[in-house]
Amino acid sequence: MHNFFKRLGMRLSQFMAGRYGVDALFLPLVIVSCVFTFVSNFKGLGLFRLIGTIILCYALFRALSRNFDKRRKELYAYSDFSQKIKKYFRLKKKIYEERNIKKYFRCPNCKTYLCVPKGKGKLKIQCKKCHHEFIRKS
Ligand SMILES: [Zn+2]
């Protein structure tokens, strides 16, 4: 039995030689695929099963791929995207935690988030990024 697993392991590593394998994007893809498959059990959402299967196939395709360059580019794009999501939720949390002392606005020109102390009446706010000025009630 021990030999069987040893041989299986060797076969597997031979098979995976020169292939990309599993990276940080693999598990999120599998999880998203599972979510789609789970959701597909609800009425009228049968199509989600197909999408889930496609995502799972894509995850496996990536692991077995020999195109390291392309797979790494996908990984970078994914980490970029997940960083943006994390940043967004951190900001939302901060806005919520400081809701009694600070008021947040978005610059009408460049959409940067700006904050001012709360309850100071009408304020002229200058964007720290593009220097656009606008007036808001704090
Ligand atoms: Zn601005």
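Reading the values: the criteria
Residues numbered from 1 in each chain as written. Predicted model: local features only at pLDDT ≥ 70, side-chain atom pairs only at ≥ 80, totals over all residues. Heavy atoms only, no water. Helix = DSSP H or I, 4+ residues; strand = E, 2+ residues; numbered from the N terminus. Buried < 20%, exposed > 50% of the residue type's maximum accessible area, 1.4 Å probe, protein only. Contact = heavy atoms within 4.5 Å. Areas by Shrake-Rupley, 256 points an atom, 1.4 Å probe, with all protein chains shown as cover. Lys, Arg positive; Asp, Glu negative; His and termini not counted. Charge placed at Lys NZ, Arg CZ, Asp CG, Glu CD. Donors = N, O, S within 2.8 Å, 3.2 Å for Na, K, Ca; no water. Tetrahedral: all angles 85-135°; square planar, octahedral: opposite > 155°, others 65-115°. Core = buried A, V, L, I, M, F, W, Y, C linked by side-chain atoms within 4.5 Å. Patch = residues over 30% accessible without salt bridge, like charges linked within 9 Å, V, L, I, M, F, W, Y side chains within 5 Å. Salt bridge = Lys/Arg side-chain N within 4 Å of Asp/Glu carboxyl O. 1 Å grid on protein atoms, 1.4 Å probe; cavity = no way out; pocket = protein on both sides within 12 Å on 5 of 7 lines; lining within 4 Å. Points joined across faces, edges and corners; volume = space filled by probe spheres on them. Nonpolar A, V, L, I, M, F, W, Y, C, P; charged D, E, K, R; others polar. Domains from an automatic or database assignment. Phe/Tyr/Trp six-rings, centres within 6.5 Å; stacked < 30°, edge-to-face > 60°. Lys NZ or Arg CZ within 6 Å of the ring centre and 35° of its normal.

On to the overall build of the protein. Helix and strand content of the protein: four helices and four strands. If you list the helices and strands of the protein from N to C, you get α-α-α-α-β-β-β-β. Taking the principal axes of the C-alpha coordinates as reference, the protein spans close to 75 × 40 × 30 Å. Taking all 138 residues of the protein together, the buried fraction comes to 20%. Counting only contacts in the protein whose residues sit at least 6 apart along the sequence, the fraction spanning at least 24 positions is 35%. Accessible surface for the protein amounts to roughly 10,900 Å². Of this, 64% is attributable to carbon and sulfur atoms. Each charge class in the protein can be summarised by its mean position, and for the 32 positive and 7 negative side chains these summaries are 5 Å apart.

Under ideal tetrahedral coordination, the four donors around a metal are separated by 109.5 degrees; under ideal octahedral coordination, the six donors are separated by 90 or 180 degrees. On the protein side, the zinc ion has Cys-107 (SG), Cys-110 (SG), Cys-127 (SG) and Cys-130 (SG) as donor atoms, found 2.2 to 2.3 Å from it. The coordination sphere of the zinc ion comprises four donor atoms, whose angles at the metal cover 106 to 115 degrees; the geometry is tetrahedral. Mapping the donors of the zinc ion onto the primary sequence yields the spacing C-x2-C-x16-C-x2-C. Separated by 20 residues along the polypeptide, Cys-107 in the loop between strand S1 (102–106) and strand S2 (113–117) and Cys-127 in the loop between strand S3 (122–126) and strand S4 (133–137) bring together distant segments of the chain. Take Cys-107: its relative accessible area is 0%, and that puts it in the buried class.

Among the nonpolar cores identified, the biggest contains seven residues, and these are Phe-105, Cys-107, Leu-114, Val-116, Ile-125, Cys-127 and Phe-134. Ignoring anything within four residues of it in the chain, the contact list for Ile-125 reads Phe-105, Leu-114, Val-116, His-132, Glu-133, Phe-134 and Arg-136. Grouped together as the second largest cluster of nonpolar side chains are six residues, Tyr-20, Leu-29, Ala-59 and Leu-75 included.

Further remarks concern a nonpolar patch on the surface. A cluster of nonpolar residues, Met-1, Phe-4, Phe-5 and Leu-8, forms a patch on the protein surface that exposes about 490 Å² of accessible area. As for its placement among the helices and strands, Phe-5 is situated in helix H1 (residues 2–16).

If you add up the space inside the largest pocket, you get close to 290 Å³. Surrounding the largest pocket, Lys-84, Lys-87, Tyr-88, Arg-90, Leu-91, Arg-106, Cys-110, Lys-111, Thr-112, Tyr-113 and Lys-129 form its lining. Grouping the amino acids of the lining of the largest pocket by side-chain chemistry returns four nonpolar, one polar and six charged. Two domains each put at least three residues into the lining of the largest pocket: domain 1 (2–97) and domain 2 (98–138).

This next bit is on the packing of aromatic side chains. Per the counting criterion, the structure on display carries five aromatic pairs. Between Phe-4 and Phe-5, the aromatic rings sit 5.4 Å apart at their centres with planes inclined by 70 degrees, giving edge-to-face as the arrangement. Look at Tyr-20 and Phe-68: their rings are 5.6 Å apart centre to centre, the planes differ by 85 degrees, and that puts the pair in the edge-to-face class. Residue Tyr-20 is located in the loop between H1 and helix H2 (26–39), and its partner Phe-68 is located in helix H4 (residues 68–97); the two are separated by 48 residues in the primary sequence. Exposure remark for Phe-68: the relative accessible area of 29% places this residue in the partly exposed category. Arg-19 extends its terminal NZ or CZ atom over the ring of Phe-15, reaching a point 4.4 Å from the ring centre. The side chain of Arg-99 reaches across the aromatic face of Tyr-96, ending 4.0 Å from its centre.

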